[in-house]
Amino acid sequence: MIYKKNIVVIVDAYSIGSLIAPAFISRGFECVHVRSTDHVNEFYETWLRAGDFIRDILYTSDAELRLALSEYHVQFVLAGCEFGVELAAHLAAQFDVARHNDANHAIRWRNKFEMHEALSQAGVRSIRHFKSDSLPKILEWVKENGILPVVLKPIKSAGSDNIHICTQDTEIEQAFQVIKTSRNIFLESNEEILVQQYLDNSDFKSELLLSKSRDVDIEYCVNTVSVDGLHYVSEIIRVYRTRIGASPVHDYNQLMCPVGNADVYSRLSTYIFSVLDALGIRQGVGHSELMIVDDQPVLLETAARMPGGIDLSAYTRALGHNQLSLWIDSLINPDAFLEYRQRPRTKLYFHSSCVFLIARQAGPIKRAPDLSRWKAIPGVHSIKVQDAGVLKATVSLENCPGHVFILSSDRAAIQRSIELLREHEPSIYQEMLA
């Protein structure tokens, strides 16, 4: 039997959060899993690696958790995924761990209305926004502000869940009913609905795509690690979304080069650091999504966690680090992390793109996919694809059937590989359903 006094508490270790415990175990720590709820979407539950933890505890109260962990010293408390963020912030304060964020600000990290309220109050550029549980009030706000099209979405969710782009009142009415009568991907009721101005970056898109198509949305993800309010960008990723009906769906992304895209790093870092300050994220990781509109960045949302289930090894090969490794370093040895933060940026070792699989067919999966054609595509680094259960038509990240990472020293070669992958994609799903 081995006993270690210091432990790491991970709240809701699902999605990419399932990799936090192995990272700490490799550094010699023991980990305890705390569940914020026993009602977890199957999409998340399948990620949990129960064997990585010495205890698996359902949170009921501070007193009960303190009793359960009375023989240990809680050194760190971390959120594994979106719905663990608020409880993790609360418990970090309760156990008074070193370098924790103010739990009073935690609502800003999950509630998208409160998030943009905080930006507005801090004088940071944000989206015009409104929330209500009343359809007439939403329609009145849209009319008064004259901002069609608008976006309707749940106040608390993630992964492009139930996002509706509406160009007229009838579409707003339909989107309102869909959201109001459903639960978000964390199985929470959508009591209130958020309505925001639609951000039109067609001028910016035309510079990149030589097209003003409104069927493609271009966003940026900025992933960060912070210590005592000193922020560091681990990576910036340009994301291309396609439109399926009224829903923006992830198509593929492109890792930005810290040297070749130094202007992007500079402009977006400056803006995102002001966002983190306004939201009170002084410690730990952040995952921010934004757009460039009228040549200036504007936030879509920020989360006090890592992004969803991605392949960290692709970013490690491309950059020499990944956000999780930097996060662990910042906790265990913050001085060394701050020293790393001052080092000059280097070029990418490889260009990298993640292709998000898009299924337009649906039905029970009857056989495992034959991936031989994808495996033969130049530059394929890793493939993650659903191979059991029910294949659903893709309208969000929740029902995206997987992703493929492609790495190459030649950016143009990646684009050719993406085209090959998309060419083979429909037949692979057909074989799975046959």
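Residues numbered from 1 in each chain as written. Predicted model: local features only at pLDDT ≥ 70, side-chain atom pairs only at ≥ 80, totals over all residues. Heavy atoms only, no water.

Digging into the sheet that holds strand β3 (residues 55–58)
Okay, so step 1: Across the sheet, which stays open at both edges, the four strands sit in the order β3-β2-β1-β4 with parallel pairing between neighbours. Looking along the sheet, the strands with just one partner apiece sit at the ends: β3 and β4 (73–79). Mean inter-strand twist for the sheet, computed between neighbouring axes without regard to direction, equals 25°.
Okay, so step 2: Sheet analysis places strand β1 (residues 6–11) next to β4, joined by six bridges and oriented parallel. Pairing of asparagine 6 across the sheet is with histidine 73, part of β4.
Okay, so step 3: Sheet strands touched by helix α4 (residues 85–94): β1, β2 (30–35) and β4. Its angle to β4, the strand with the most contacts, is close to 155°. (Pairing = 2+ DSSP bridges. Helix = DSSP H or I, 4+ residues; strand = E, 2+ residues; numbered from the N terminus. Axes fitted to C-alpha atoms, helices over the stretch in contact; angles between N-to-C directions. Contact = heavy atoms within 4.5 Å.)

A word on the pattern of salt bridges
Okay, so step 1: Enumeration over the complete set of coordinates arrives at 18 salt bridges.
Okay, so step 2: A salt bridge links lysine 131 to glutamate 192; its shortest N-O distance comes to 3.5 Å. Taken together, the residues span a long stretch of sequence, with lysine 131 in strand β5 (residues 129–132) and glutamate 192 in the loop between α8 (169–180) and β8 (193–197) at a distance of 61 residues.
Okay, so step 3: Among the ionic pairs, glutamate 425 bridges to arginine 422, the shortest N-O distance being 2.8 Å. You can see glutamate 425 and its partner arginine 422 sitting in helix α15 (residues 411–433), three residues apart, about one turn around the helix.
Okay, so step 4: Judged by its relative accessible area of 4%, glutamate 425 is buried.
Okay, so step 5: Taken together, the shared-partner salt bridges in this structure form one network comprising Glu82, Glu86, Arg110 and Arg305. (Salt bridge = Lys/Arg side-chain N within 4 Å of Asp/Glu carboxyl O. Buried < 20%, exposed > 50% of the residue type's maximum accessible area, 1.4 Å probe, protein only.)

A few points about the side chain of threonine 394
Okay, so step 1: Tracing the chain through its elements places threonine 394 in the loop between β17 (390–391) and β18 (402–408).
Okay, so step 2: At 2.8 Å, the side chain of threonine 394 and the backbone nitrogen of alanine 359 are in polar contact. (Polar contact = N/O pair within 3.5 Å; in protein donor to acceptor, adjacent residues only side chain to side chain.)

Considerations on the nonpolar core
Okay, so step 1: Membership of the largest hydrophobic core comes to 51 residues, with the highest contact counts inside it found for Val9, Leu69, Val77 and Ile236.
Okay, so step 2: Residues contacting valine 77, with those up to four places away along its chain left out, are Val9, Val11, Ala88, Leu91, Ala92 and Val97.
Okay, so step 3: Formed by 31 residues, the second largest nonpolar core is a distinct cluster that contains Ala23, Cys31, Cys81 and Val225. (Core = buried A, V, L, I, M, F, W, Y, C linked by side-chain atoms within 4.5 Å.)

Observations regarding the packing of aromatic side chains
Okay, so step 1: A full pass over the atoms with the stated rule returns 11 aromatic pairs.
Okay, so step 2: Measuring from centroid to centroid gives 5.5 Å for tyrosine 44 and phenylalanine 83, while their planes differ by 90°, and the two rings are edge-to-face. Of this pair, tyrosine 44 sits in helix α2 (residues 42–45) while phenylalanine 83 sits in the loop between β4 and α4, and the two are 39 residues apart along the sequence.
Okay, so step 3: Counting every residue linked through ring pairs, the aromatic cluster contains Tyr14, Tyr44 and Phe83.
Okay, so step 4: A cation over an aromatic ring shows up here: arginine 66 above the ring of phenylalanine 95, its NZ or CZ 4.8 Å from the ring centre.
Okay, so step 5: Lying over the aromatic face of phenylalanine 350, arginine 317 brings its terminal NZ or CZ to 4.5 Å of the ring centre. (Phe/Tyr/Trp six-rings, centres within 6.5 Å; stacked < 30°, edge-to-face > 60°. Lys NZ or Arg CZ within 6 Å of the ring centre and 35° of its normal.)

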